[in-house]
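# Fold and contact review
For reference, the chains in residue letters:
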Amino acid sequence: MRVIRASAMGVCFGVRDALKVADTVAQPVQVTVYGELVHNPLVQQRMQRRGFQQFGEGEHRDAIPDTPHVLITAHGISQRRAATLRDAGKTLLDTTCPLVKKAHAAAIGLRDQGYHVLLIGRPGHVEVQGITEDLYSYDVLPDSAAVKTYHHHKLGIICQTTTPSARALEIRAAVERKNPHAEIKYIDTICQPTKDRQLAVEDLLNQVNTVVVVGGKNSNNTRQLVHRCQDRGAVVYHVQSAAELDPQWFESIEAVGLTAGTSTLPETIEDVYTAISSMGGVSRFATDNSPCNKYPRKIKTGGQADAA
Ligand code: SF4
């Protein structure tokens, strides 16, 4: 069995730089990570072992950390929340990705020009929270079904950085269709590493029918890769590590594709690659108890991508 790697996959520069900053922290116990540094369970465990304090991304968001320093993740936070932390005497170690900052700047620019902001993205995602908390007038659009006719005369559209380009265009078209009365401004804030990984997975899907996607279950861009494979009719396995692989998945398969989200470390990808390669050549007949029904991370075409 051949294992074909996507031409672009894994850690992006934004995640890499955030990890470097965390690595330079001399006294982790003095630092609270404001959310998950990256959506990667392996990284989370390492941070905890080093002694970093950790805030979740949901329930504790409004509390003030006890530590004197707060590490802002690559996903960013709102200006309002940053001011609250500074007013409480906290020093911020800001690892916000420059491309997330670009999305914030686009949103604030639209706000200041009187636009109602339409943010294409996943409601509740920490990056989406960070952008919308500085806005007064906005809607978050996960898909074109969420698009309405708005009473506003100026509509400004931006995207969560990890949005698939095709979905953004679809939603933009729906906004234009339902709001012919409005002046509509579209700013493409999808990041280039995400676009590169999406293009690479298209190329992969031209070569294989089965794909392993490596990445955190709550990683938005990883989930988007899974969804894209699913939409193209591929058999998809979403794993966080090599330990989750099963040899039966690769029975009678000549080639399998491998891709990974932007928060997946190179060593995790290598582990998965090595493990799949060692599983190649396993030859057993499929039974009624097929992995299609047996293994929860197998994503069937048209099914729900991931419960997480
Ligand atoms: S996925 Fe894009 S926006 Fe997010 S950290 Fe990576 S480069 Fe930055």
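Values in this document were obtained by computation on a predicted structure and should not be read as measured data. (Residues numbered from 1 in each chain as written. Predicted model: local features only at pLDDT ≥ 70, side-chain atom pairs only at ≥ 80, totals over all residues. Heavy atoms only, no water.)

### Examining the side chain of Thr163
When you line up the elements, Thr163 lands in the loop between β8 (154-159) and α6 (165-178). Classification of Thr163 by relative accessible area gives buried; the value is 4%. Within the structure, Thr163 has its side chain in polar contact with the backbone oxygen of Ile120 (distance 3.4 Å). Side-chain polar atoms of Thr163 contact the backbone oxygen of Gln160, separated by 2.8 Å. In this view, Thr163 contacts Ile120, Gly121, Ala168, Ile190, Thr194 and Gln198; residues no more than four positions away in its chain are not counted. (Helix = DSSP H or I, 4+ residues; strand = E, 2+ residues; numbered from the N terminus. Buried < 20%, exposed > 50% of the residue type's maximum accessible area, 1.4 Å probe, protein only. Polar contact = N/O pair within 3.5 Å; in protein donor to acceptor, adjacent residues only side chain to side chain. Contact = heavy atoms within 4.5 Å.)

### What to know about the site of the ligand
Surveying the vicinity of the ligand reveals the residues Cys12, Phe13, Gly14, Val15, Cys97, Val100, Thr161, Cys191, Pro193 and Thr262. It is helix α1 (residues 13-23) that contributes the most residues to the shell around the ligand, 3 residues altogether. By residue class, the composition of the shell around the ligand is 7 nonpolar, 3 polar and no charged. (Near = heavy atom within 4 Å. Nonpolar A, V, L, I, M, F, W, Y, C, P; charged D, E, K, R; others polar.)

### Here we look at the packing of helix α7 (residues 192-205) against helix α8 (residues 220-231)
Viewed as axis vectors pointing N to C, α7 and α8 meet at an angle of 30°, and their least axial separation amounts to 10 Å. Here α7 is positioned roughly parallel relative to α8, judged by the angle of their axes. The interaxial crossing formed by α7 with α8 has right-handed handedness. In contact with Arg197, Gln198, Val201, Glu202 and Leu205 of α7, α8 contributes Leu225, Arg228 and Cys229. (Axes fitted to C-alpha atoms, helices over the stretch in contact; angles between N-to-C directions. Parallel < 35°, antiparallel > 145°, perpendicular 65-115°, else oblique. Left-handed = near helix turned anticlockwise from the far one by under 90°.)

### A few points about the sheet that holds strand β3 (residues 53-55)
Sheet architecture is open: 4 strands sit in the order β3-β2-β4-β5, paired in parallel fashion. With one partner strand each, in any of the chains shown, β3 and β5 (91-94) form the two edges of the open sheet. Pairs of neighbouring strands in the sheet enclose a mean axial angle of 25°, with direction left out of account. Pairing of strand β2 (residues 31-34) with β3, which is carried by 3 bridges, proceeds in the parallel orientation. By the bridge assignment, Tyr34 is partnered in β3 with Phe55. (Pairing = 2+ DSSP bridges.)

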